[in-house]
Each structure stands twice: as structure tokens, then as C-alpha cells.
Amino acid sequence: MAEIGHDAVSYAPPAEVGEMELVHPKTFIGKYIWSQDAKVIAIQYGITATAIGLVALALSLVMRLQLGFPNTFSLIDPSSYLQAVTMHGMIMVVYLLTALFLGGFGNYLIPLMCGARDMAFPYINMLSYWIYLFSVLLLVAGFFVPGGPSGAGWTLYPPQAISPGTPGSDGGIILMLVSLAFFIIGFTMGGLNYVVTVLQARTRGMTLMRLPLTVWGIFMATVLALLAFPALLVAALMMLCDRLLGTSFFMPDMLAAGGQAGHEGGSPLLFQHLFWFFGHPEVYIVALPAFGIVSDLLATHARRNIFGYRMMVWAIVAIGALSFVVWAHHMYVSGMNPYFGFLFATTTLIIAVPTAIKVYNWVLTLWHGNIRLTVPMHFAIAFIFTFVNGGLSGLFLGNVTVDVPLSDTYFVVGHFHMVMAVAPILVVFGAIYHWYPKITGRMLNDTLGKIHFWVTFLGTYAIYYPMHYLGFEGVPRRYFAYGETAFISDSVQTMNAGISIAAFIVGLTQLVFLFNLAWSFYRGREAGPNPWEATTLEWQTPHTPPRHGNFGDELPVVYRWAYDYSVPGAKQDFIPQNVPPEEVEMIDSPGRNARP
Amino acid sequence: MAVAIALIALLLGSVVFHFLSPWNLTPLASNWGSMDDTISITLWVTGSVFVAVNLFMAYAIIRYRYKRNRRSLYEPENKKLEIWLTALTTVGIATLLAPGLFVWGSFVTVPDDAHEIEVVGQQWHWSFRFPGNDGELGAIHARLVSNDNPFGMDPDDPNGQDDVLIHSPKVQLPVNQPVKVLLRSKDVLHNFQVAQFRAKMDLVPGQVSYLWLTPTRTGKFEILCAELCGIAHFAMRGMVEVVEQAEFDVWLAQQPTYAEISAQKPGDPTVGQGLFATCAGCHGPEGQGNPGLNAPKIAGLEAWYLVRQLQNFKAGARGAHPDDQYGQQMKPFAGMLADRDAMADVAAYVQTLSAKPADRTVSGDTGRGARIYRTCSACHGADGQGVQALNAPRLAGMSDWYQVRQLRNFKQGIRGRHPDDIYGAQMAEMAKTLIDDEAIASVTAYIHTLPRATQTTMVSKLAEKN
């Protein structure tokens, strides 16, 4: 290649779209409350999601108290246990992870990484957050209505979810469904913004194949979410009709509380299909941003280009597309026509191929790297380890025959927590340690970060790895207590107590992280504009933290892909995307560093 | 460095844990050994990949740790390597998928010689139906389900007349005979899980799902519900006993058919009155109970509950525990009733007695009791009237001191632990949620505040709606 770098050229095409007019508010309220700045909205999303996530964390500890030490705590009865199960799952998957990755990281990083001044539609972006906040408040209101929140399990399967006798079937389930509807409306506003911004508002020279994988991951996840959430919206509205108007979308002829329920002809399986048509892509709505972000963390801190960038992009696209044709693998034992098993087992295992490619490429990015073991890098490595574990256990559950003995056991709990709870959360932590300096201008404390890392990584593994083995023994999930069951050995109770202790340690350690966030905001070391010596545009802003409009007077022009780390011949081991080839500082004798 | 060492330690730990783990697949009791084989294949393939990928990563972290004067290799892609890795992965995936699909092929193909059994689920009970001599299950409909027709049998369908109805969570299956298990639910989703059989499937209201298996060894195997079905999900237990064909035939012949059950005469209170004279000695002429003699109030209890408890006492499913001294006293009296008809007669007479609420003898925190009772209300009804469809007897207005004793008995395994008392077993699980004597006193005190009769039960609300 004539130019230095992988795809660097001196020419950048002229802008096709004029620059947007931003509203620059003067008041505190305009800047920080009713803000239209994507970065402020991102932080609003982040704080709200974290706050509700802490509620979900507390609920998980309620469950662990009961499972570890059954019938010890008078406040935990079967109803409150199931309510904790339900709210924990729903909050973590939708209100925390989805909101944090897309509303939080999406809002902060998409405009910055694309070289845009803001999201394409800032006003709608602002509305998106406030509707999200409203949906969270509706959900929380469920704790305060008579009967409390729903206890139907986070999947809200009918008929149980709206049958009398189920915890929260009076008011909690209604609030939950309405809250989900608002969440989806709010998300759609944000999601359209992210998609349009990525497609239309990239700066000069920022071709799609030069985008950092973070943007690719969030972009594809948003596309998935825009296509998948409507299925949940429809399901929620139909269930509301069944509950409030006495329709029978999902309710067949059946008994409720010992008497005739008065429904006729509905199909509980229809709900499951709608739910998982949303629910499976949802896994990737959470996973794809994590995939993208971790790719950038690895490249930056290993000082090496991401290995196989094009493959990585196509793998994201392929996973996104395939994620729409695998949903019924959640339903192998649901009573649907068992012949579906052949189709869905095949599609499900096919999706493992692009996923495996991503794993290889992450590991190969480390190979021949120059790895700086920073706190974000620790989390990125822990992510790979955890994700490989969770991905491989998915091969059990995705393969229809293997799934049958294991479904509805603790194997499933172990699997999905590894793959879509711990793995993405490790990326969230890594990402926060990585971008906090840009967001606040200060570094997070390293020692506290390491403590947080080690306890979280080792602790979560101690929690979830043994669960797979409880699953082999057939220990069923969503049980309030195991009582006298001959095939469940006594040692299961001992293990459960151990898991609960680990869960408490991990839970409390998150306070160290919160403390670090607060302490470093005031006392952290000054970060400077580009503490990690990264190539992507968010690190090249004229101000840190970036001001409204992101890039000062002039938008950056992009001349190269996002991964020009350790380019042979260049003096520095990174070349930012906005440095034209002719301005790269060279060392005198290229070739000296060709191969380490 | 530390992180690389931690990865290696975790890998080692995981492998050691795998081999030392006391938790393995339960000993197989069906033909689905092939499912275990697919699990083994998957375990070996994924285990090797897990170790290989992470070891490689740990090695990379050590070998390429940061050095000031080192430069990373600039290599955007390596097509050859990527194609190789993709191809290898595809082969690996196919190795896992092929046996899985192959076994699934046999799972969806029910053998022609399989006999049929229907499993019926409801909150939180199992019951069973065999097709009878004609080999055909009669028509059922959820609309027909009532206290007198818990299976929802269509009385006009001739195929149903000889259907054998097992209104109990205990069932027998013949060994080495393939069986097609038809699954049906009366209310919400359930899942028929017998860990030793491997096969499991949801019961879905409004449709019939199925699975098939061949039990391969005799023994008793627990049935658990594996699909969240409400607050007593964890207590929804049953038992399948696999026996030799001859034993099965004898057992099946003893079970009532639908026609026989329909022909059963209701109890005769006049005959019952004569038999009741014995009971009156302790329980009082009005069945009002006598705490001095440790005899609880029985007036107000439903006939179906009285009959079941009398049967339990007589058969030794209740009152046989060495620590249940009052139950032991009751046992011989139940034995004096010759058969089920005699019990039905007594029960019918008890129902004619006017039931005044028993005196209050237990005090407790009724506010706490009300919170605890939310759990109880799922079966016994919000105002403690009992719900026959859920096999839950009346609580309101009954002897509170007796309830305290029984809750303690349930909790301590004195009652409800006999293998033939499965409804008792469920209550035993629920009683454990009462963590101390104070909780028992509170909930009992609350139950005593419940009105004897109101129109606010959920059932009657629903009845009005229809």
C-alpha cells in the first residue's frame, strides 16, 4: 500500500449533508435537565438505568437469601420470592442492559465516534429519555400497589401472568405491561435517532467500513431492537386486553382459582412466540454492543488493530440477521409442534459460527499485541473468558435433544447469566473505566478498579459455574424451596448457601465501584484528552469533556479506519482517524519494527 | 500477568470441579440414554474448546504483555487463517448438531405399540387418565370441569365411560413398555418433569402436548413441575412408580373408571347419623369439637375432605407417625368404617350439622398473619372457605388450636410425609414457610378473624362474571 496504514487515503469526499443547527440553551435546566445534548441524555440514561439496576441487584440478593438459607427470613414468602424473580429479570434485561447499552453508550458514543455534532433529532432524543424515565417509574409503582408487582416470571407467560392468585395479577401486571409499552415507545424514538445518525450524520471520510466496532455493534443492536420490540409491544397490548377487557388472545378455556375463568379459544403459545420473537433478538440487543465495545477496548489496550475487522463487521450483521430465526429454541419443551425442533436447532447452532469467529478474532487481537493490562483490559479479558463459557453452554441448550433434560433447570440459569448478564456487565464496567476519563476529564482510581474487577470476575464465576452442575442433577429453577426431593442431594443446599455468600460479596463490592465513580469525579487524576492513546474520534475532541457540539468549530475529517495501532514506520504506536497520511510522523528507518 | 494466571487457575479449577462435582445426571430410568450421550458429546467438545481458547488467551497475555520497546504486529486480516478457523468451527458445530437431530428424530416418532396415559395438571396437582379397555381416551372439555367432574369428561362420549381416572398424584407405569404421555392442563402452564426419564414437556391449557418414553427400570420416581405455575409451583409434586406389567395390571384394575365414579351414590346422611354416634363421643354431638379431648371441630368441613382424611387414617397414610399421638387415637375409629360408602355417609351427616365458629384460643399478630395468609389464600381461598378444585379444605371458623398443632406437625414431618399422603406432602412444604411458632400463631389468629361466609371469594366472583 502506498499510503501508511491499512486503508488510509489523503482524500476525503465533501460533506453531502449540511451541518445541523444545535439549540444552545443558557440555563442550568436547559443544559442538564431538559437537555438535547446526546451526551447529557446518555448520562441521564446511565444514572437511571444504574439506579433501577441496583433495585434489581437487591432483588437478586433477596432470592439468594431464600435459596441459600430457606425458610429463615419471614419477609420472604413464595409470593415475594416470585415477585423478586420477575422484577429482577425484567429490570436487568430491559430496563438496565438495553437502556444502558443503547440509551447510555449509544447516545454518548455514536455522535462522537461518527464525527457528528449530536444525534440527528435531538428533541426526539430528549423525549426518548423522559419516556424511558416514566416507564421506569411506572414499573417501580408496581411495588406500591395492592398485591405488589407481578410474580409471573420475567417472561410473563399467560395464562398465569393474568390469572387470579398469581402475585401482582391485580395491579402489578397492568403496570408492568403499560410500562413496557412506554419503554418501547421511548426506545423507538431513541433507536430511530441512532440509526439515522449512523447512516446520515457521519463526518467526511467516515465510511461504514471505517466505523469503530462499537458503533457497528450498537447500530446493529438498534436495528434489531426496532424490529423486535414491536412483537413485545403487541404481546403486551394483547395481554392487557385479555386482563382488562376479557378478550381471549392468549387465554383458552381454563380454570382460575378453582372456577371457570370465562375465557375461550386463546393460545398461550401465541404469546410465547411473540415474546421470544422479541426475546431472542433481545439477547443480541444486549450482546452486540458488548461485542463492539469489547473489540475497541481490546484493540486500544493491546495496541494492535482488531484482527479481521471485515469479518467482525459481517459477523455482527450475520448474527443480527440470524437472531430473528432462532427464537423458538426457547420453546423446545413448550408444547409447540416438536418438528419445529429440527429447524430451530439447526439455525441456532449455525449462529454459533459467526459468534465463534468473533471470539477467535478477539483472542487473535491479543496475539502479537503489546498488551497494557489496564483496568478496562482486565474487564475485556474477563469478558472473553466468561463469554466463551456462556456461549459454549449455549450449545447444550440450543441443540434440541440436549436441551430437553436441561431445560428449566439451574443449567439454564447458569448459562444465561454467564452469557447475557455477567459477560455484558463486565463490558459495561470495562467501558466505564475506559470512557470515564473522556466523560469527566478524570481517571478512575486504579486500585479500587482492580479490587472491583477481581471480586466481580472471580465472584460471578463462583456463583454461576456450579449452577450448571446443579442443572445436570435436575434441580429445577424458579423454586422457592426444594423441600424433600429424593433425587436432589443434600449437598445442593450446601452449594446454594455458598453461592449466596459469593453473591453477597459480589453485590457489596459494587459499592466500591460506585464510590470510585463518585470519588474520582472530584479527586481523580486529570486525564487529558487521550489518556489511552486511542485512535477513534471521541478522543480527538478539542475539549475534555467534550462540549455541546462535540468538535468545536470544525468537524474532524477521517482519513483512515479506527484501528491504526502500531502501524509500521509510524513514530507513535497509534494514528488517530483524523490524521491524514502526509501528517503521520515517521521514524527514520521503517522496517525496524516490522515484526516483533 | 495476574490475570493470565487467574485464567489458568480458573480453567484448572473448572476441570477439577467437573470431575469432583457430586452433581451428575440422575440414574437413568428410561430409554433416553441417547440424550445422555448427546450431553456427553457436547460436554467433551465444548469442554475442549473452552480449555483451548482460554489457554491460548492466557498464553497470549503472558507472551505479549506490555514492553516499552515492543511494537504489535500490524496485520488487519489473515484470510487463510480466518477461513480455516471458520471451516473448523463449522465442522465442530455439525458434529454436535447431527447426533442431536438424529435423537430428536426418534423423540418425535412415537412407536406404534406405545400405550397411552394422559397427565392432567392443575395448580398444584397432578392427576392421570388411562384409556380403559377400548384403548381410546374419551372426549374432554375444560368447560365441563367441575367439582363433580374434575377431569372435564364428556358424559355423552361412549369412549370415555371405561376411562380409568386416577384422581391422585400417584400413578403406576409398566416397565419396558413404551408409553405415549399426553399432557393437558386445566389452568396454567405446567411441565411434566421426571428427572430420571430425561424427557419433559409443558402442559398447555387449550391443547394436548405429548412425549414418549419407555421406562427401563422399576422404582419410584418423583414428578416435579418444571414450568413456573404460581406460588406453590415448588410444591407441585407427584410420583410415578414403575412396576412389572402384572403388578401394573392388578393396580390398574383396582382404579375406578369414569362410569363407576358417575354411578357412585352420594353419601346418605341418615345412615351417617347412626355411624356418627361413635364420633360424637369425642367430637361432640354437633361436631363442635372438644379441646379437652384433643378432638377438633369437624362440623363445616366438606364431605370430600372428610372422606379423604378418613381414608388416609384408615390406610395408615395419616396417624401412623410415632410422634402423632392424637392421630394414632383417630386411626382405629376410622378403621371402624367399613368402606368408602360408610365414610361418605358419615361425611354427608356431618354436613347437615350447623356449624358455629369455634371459640378463639390462639392469639397472635393478625397483621403479620394477614401477610402470611396471602400464601395460604392461593389454595384455601381469600376468606378461608376452602376450594375443592384445589384440594384445599375450609379453615375459617375451625378449631384454631388444632390448626396450630397440625401446622407444627406438617412442618416437623409428623404429618404429610407418608408416601401415600401426597396432598399432605404439599401442605408440609407450604408449612415450612412458617418460620417459627409466632408465625404459626399469627396466621392461625388471622384465620380466626375470617368471616364464616362472605360473597367475596375469587371463585364466587368468577361465577358471577359468568
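What you are looking at is a predicted structure, and each value in this text was computed from that prediction instead of being measured. Every chain is numbered independently, its residues counted from 1 as its sequence is written. Lettering of chains starts at A and numbering of ligands starts at 1, both following the order in which they are written. Only residues with pLDDT of at least 70 are given local features in this predicted model, and only at 80 or more are side-chain atom pairs given and counted; all residues enter the totals for whole chains, interfaces and linings.

1. Re the overall build of chain A
Worth spelling out the cut-off: Only DSSP runs of H or I reaching four residues or more are called helices, and only runs of E reaching two or more are called strands; each is numbered from the N terminus.
Secondary structure assignment for chain A yields 14 helices and two strands. Considered along the principal axes of its C-alpha atoms, chain A spans approximately 85 × 50 × 50 Å.

2. Regarding the overall build of chain B
Keep this limit in mind: Only C-alpha atoms enter the radius of gyration; for comparison, a globular chain is expected to reach 2.2 Å times N to the power 0.38, where N is the number of residues. Any residue whose C-beta has 12 or fewer other C-beta atoms within 10 Å is treated as exposed, any with 20 or more as buried, and any in between as partly exposed, C-beta atoms being built from the backbone. Throughout, a pair of residues is in contact if the C-beta atoms placed from their backbones lie within 7 Å.
Counting its regular elements, chain B contains 14 helices and 10 strands. In terms of C-alpha radius of gyration, chain B reaches 29 Å, well past the compact-globule figure of 23 Å for 466 residues. Based on the C-alpha atoms only, the size of chain B along its principal axes is roughly 100 × 55 × 50 Å. The 466 residues of chain B split such that 48% are buried. Long-range contacts, defined as pairs at least 24 residues apart, comprise 71% of the intrachain contacts of chain B with a sequence gap of at least 6.

3. Some words on helix 1 (residues 2–20) of chain B
Selection criterion: Working rule for helices: expected span equals 1.5 Å times residues minus one.
The terminal C-alpha atoms of helix 1 of chain B lie 26 Å apart, and with 19 residues this matches the ideal 27 Å at 1.5 Å per residue to within 8%. In this structure, the buried residues of helix 1 of chain B make contact with helix 10 (375–398) and helix 13 (446–472) of chain A together with helix 2 (33–63) of chain B.

4. Quick word on the interface of chain A and chain B
Note the threshold: When residues are grouped by polarity, Ala, Val, Leu, Ile, Met, Phe, Trp, Tyr, Cys and Pro land in nonpolar, Asp, Glu, Lys and Arg in charged, and all others, Gly among them, in polar.
Taken together, the contact between chain A and chain B spans 110 residues of the former and 100 residues of the latter. Counting residues per element, the side of chain A that touches chain B draws most heavily on helix 9 (residues 340–366) of chain A, at 13 residues. For the side of chain A that touches chain B, the per-class residue count stands at 62 nonpolar, 37 polar and 11 charged.

5. Describing the sheet that holds strand 3 (residues 164–166) of chain B
All names here are of chain B. Counted only if it meets this: Should DSSP find at least two bridges between two strands, the strands are regarded as paired. Angles here are taken between N-to-C directions and fall from 0 to 180 degrees, while the axes themselves are lines fitted to C-alpha atoms, restricted in helices to the stretch in contact.
Taken in spatial order, the five strands make up an open sheet running 3-2-1-5-8, and their pairing is mixed. Only two strands of the sheet have a single neighbouring strand rather than two, namely strand 3 and strand 8 (209–213). With strand direction ignored, the average angle separating the axes of adjacent strands in the sheet is 25°. Pairing between strand 1 (residues 115–122) and strand 5 (residues 179–185): seven bridges, direction parallel. Paired with Val-120 across the strands is Arg-184, a residue of strand 5.

6. Points about the packing of helix 7 (residues 268–302) of chain A against helix 8 (residues 309–322) of chain A
Residues and elements named next belong to chain A. Rules: Small angles under 35 degrees read as roughly parallel and large ones over 145 as roughly antiparallel, with 65 to 115 read as roughly perpendicular and the rest as oblique.
Direction vectors running N to C along helix 7 and helix 8 enclose 175°, while the axes themselves pass 11 Å from each other. As far as their axial angle goes, helix 8 and helix 7 are roughly antiparallel. Residue-level inspection shows Tyr-284, Leu-288, Phe-291 and Ser-295 of helix 7 in contact with helix 8, the latter providing Met-312, Ile-316, Ile-319 and Gly-320. Taken together, the residues that form the contact of helix 7 with helix 8 break down as six nonpolar, two polar and no charged.

7. Examining the confidence of the model for chain B
Residues and elements named next belong to chain B. Note the cut-off: You can read pLDDT as the predictor saying how much it trusts each residue, on a scale of 0 to 100.
Within chain B, residue pLDDT values average 90, and 97% of them lie at 70 or more. Here helix 14 (residues 458–465) is the element of chain B with the lowest mean pLDDT, 47, and strand 6 (residues 190–193) is the one with the highest, 97. Interface confidence in the predicted complex, given as ipTM, is 0.92; pTM for the same model is 0.93.

8. Focus: the pairing of strand 1 of chain B
Counting buried residues in strand 1 of chain B gives six out of eight residues, a clear majority hidden from the surface. Linkage of strand 1 of chain B to strand 2 (residues 125–130) of chain B, two consecutive antiparallel strands, is achieved through a turn of two residues.

9. Looking at the sheet that holds strand 7 (residues 200–203) of chain B
All names here are of chain B. Taken in spatial order, the five strands line up as 4-10-9-6-7 in an open sheet, and their pairing is mixed. Each end of this open sheet is capped by a strand with a single partner; those strands are strand 4 (170–174) and strand 7. Pairs of neighbouring strands in the sheet enclose a mean axial angle of 25°, with direction left out of account. By the bridge criterion, five bridges tie strand 4 to strand 10 (residues 237–243) in an arrangement that is parallel. Paired with Val-171 across the bridge in strand 10 is Val-240. Strands strand 4 and strand 10 of the sheet are contacted by helix 12 (residues 422–431), whose axis makes an angle of about 140° with strand 10.

10. Section: the environment of Gly-219 of chain B
Residue and element names in this part refer to chain B. You can see Gly-219 is positioned in strand 9 (residues 219–225). C-alpha separation for the pair Gly-219 and Ala-2, spaced 217 residues apart in sequence, amounts to 52 Å. Not counting residues within four places of it along the chain, the set of residues in contact with Gly-219 comprises Ala-29 and Val-242.

11. What about the nonpolar core?
Within soluble globular proteins, side chains that are nonpolar tend to cluster in buried spots. Spelled out, the test is: Any set of buried Ala, Val, Leu, Ile, Met, Phe, Trp, Tyr and Cys residues joined through C-beta atoms within 7 Å is what this text calls a nonpolar core.
Residues Val-363 and Ile-384 of chain A are the most contacted members of the largest nonpolar core, which totals 319 residues. If one sorts the elements of this core by residue count, helix 3 (residues 78–114) of chain A sits on top with 24 residues. When near neighbours in sequence (up to four residues on either side) are disregarded, Ile-384 of chain A contacts Val-359, Trp-362 and Val-363 of chain A together with Met-57 of chain B.

12. Points about the environment of Pro-14 of chain A
Within the fold, Pro-14 of chain A resides in the segment before helix 1 (28–33). In this structure the C-alpha to C-alpha distance between Pro-14 of chain A and Arg-477 of chain A, which are 463 residues apart in sequence, comes to 58 Å.

13. Describing the confidence of the model for chain A
Considering every residue of chain A, the mean pLDDT works out to 93; 98% of them sit at 70 or more. Contacts for the low-pLDDT stretch residues 590–596 of chain A, under 50 throughout, to residues beyond four places or in other chains number 10 contacts.

14. Brief notes about the packing of helix 8 of chain A against helix 9 of chain A
Residue and element names in this part refer to chain A. Just so we agree on the cut-off: Two helices cross in a left-handed way if the nearer one is turned anticlockwise from the farther one by less than a right angle. They cross in a right-handed way if the turn is clockwise.
With their axes 9 Å apart at the nearest point, helix 8 and helix 9 run at an angle of 155° to one another. As judged from the angle between their axes, helix 8 and helix 9 are roughly antiparallel. Between helix 8 and helix 9 lies a crossing whose hand is left-handed. On helix 9, the residues that touch Met-311, Met-312, Ala-315, Ala-318, Ile-319 and Leu-322 of helix 8 are Thr-347, Ile-350, Ile-351, Pro-354, Thr-355, Ile-357, Lys-358 and Asn-361. Partitioned by chemical class, the residues of the contact of helix 8 with helix 9 number 10 nonpolar, three polar and one charged.

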